Amino acid sequence: IRFEFVYLFGVMLFQVSAQIVELFEACRQQSSDLYRKETCRAQLQKDIKTLYPDARLYLTGSTMSGLGCRSSDADLCLVVGLKVGIYKFLQVLLIRAKVPILRFKEKGSNLEFDLNVNNTVGIRNTFLLRTDIRIQPLMLVIKKWARTCEINDASKGTLSSYALALMALNYLQILKPCVLPSLQRDHPVSACFDPSLDLDMVPDASHRVPHYKSKNKSSLGDLFLGFLKYYAYKFRWDSKVISVRDAITFAKVSPDWRGKFICVEEPFEMHNVARAVHEKAKFDAIKARFDEVMCLISYFLK
Ligand code: ATP
Ligand code: MG
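Caption draft 1: Here's a closer look at the sheet that holds strand 4 (residues 112-117). Taken in spatial order, the four strands line up as 1-2-4-3 in an open sheet, and their pairing is mixed. With partners counted over all chains shown, the strands left at the sheet margins are strand 1 (56-60) and strand 3 (102-105), one partner each. Taken pair by pair, the neighbouring strands of this sheet meet at an average axis angle of 25°, ignoring direction. The sheet contact formed by strand 2 (residues 74-79) and strand 4 spans five bridges and is parallel. When the sheet's bridge partners are listed, Leu 76 is paired in strand 4 with Leu 115.

So, in structure tokens, the structure goes:
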């Protein structure tokens, strides 16, 4: 499949931008998908409230960030005051994850839910990803490519979709001229609302960070190729940390970063979003996929 993907990419390089948009239109989450997820969320919230009257349930992740596919799961954040009580209630069902997650499916369908408790940074950073609509097709094709290459599964020691999204955003930020600025720096009100202060302020699905008029006129195809090329040849995995918050990469000087294979800074909490990549073999596989795709593209471009 990987070869086929790259083969098609090589043959149709000049049509890549159109193909990316086509793929995006075919795969993107539909309003009926959002409606289904929202209906489940509302019902669940109602049920949970019978046990915890103050509890609130929020949809996060690609369902709300605009980076969702028809097959994407629904990420949920349950916000409760009685943290200890609810954890006791969920104990038997928790699966192993960096942030404990309760995973379940809607009865009779494949719609999967990942529910965390009080991890409100997820609400916050989801809306940070809700960027310019022009780059959403690019983000989606990157995710599709990574999934095809089996490097998009944090539970298997590779990259989460969130880590990939931050890697892509950072690439767009450091281009000259940049495609995107630091949203936290330039749009502090839209990008930096704080749900721990006021959860009623959570933007709805129509919220978007103001359109940024970039001087960079590269096509989606150029940007996709540029992303692959950057992480295959230019990015220094051994010495650099990816920072979307500051729109830069910085040196892994602090002990928090040193020795980690891939460092992607969480824009609000400063932990490593790529911490799932803790095995050398998995790290090598990720780098190999970038190298491989570039070798094939170079071959077809000859
Ligand atoms: P997919 O469509 O593949 O499900 P996604 O955009 O929902 O992609 P996930 O990796 O499933 O991405 O993450 C869901 C949400 O959880 C992210 O949008 C982010 O808000 C939050 N999240 C995931 N990983 C982290 C992390 N390491 N630190 C903080 N928040 C995270
Ligand atoms: Mg998700």
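Caption draft 2: Layout of the pairing of strand 6 (residues 248-251). With four bridges joining them, strand 5 (residues 240-243) and strand 6 adopt antiparallel strand pairing. Within strand 6, the residue paired with Lys 240 across the bridge is Ala 251. Between strand 5 and strand 6, which pair antiparallel one after the other, the connecting turn spans four residues, and Ala 247 there sits at a positive phi close to 55°.

Caption draft 3: Representation of the site of ligand 1 in the model. The local shell around ligand 1 holds 18 residues, among which Gly 61, Ser 62, Ser 72, Ser 160 and Ser 161 are the closest. For the shell around ligand 1, the secondary structure elements donating two or more residues are helix 4 (62-65), helix 6 (121-128) and helix 8 (161-174). With four residues, helix 6 is the single largest residue contributor to the shell around ligand 1. Considering only residue class, the shell around ligand 1 consists of four nonpolar, eleven polar and three charged. Structurally, the shell around ligand 1 is a two-domain feature, drawing no fewer than three residues from each of domain 1 (31-123) and domain 2 (130-301).

Reading the values: rules and limits
- Residues numbered from 1 in each chain as written.
- Chains lettered and ligands numbered in written order.
- Predicted model: local features only at pLDDT ≥ 70, side-chain atom pairs only at ≥ 80, totals over all residues.
- Pairing = 2+ DSSP bridges.
- Helix = DSSP H or I, 4+ residues; strand = E, 2+ residues; numbered from the N terminus.
- Axes fitted to C-alpha atoms, helices over the stretch in contact; angles between N-to-C directions.
- Near = placed C-beta within 6 Å.
- Nonpolar A, V, L, I, M, F, W, Y, C, P; charged D, E, K, R; others polar.
- Domains from an automatic or database assignment.

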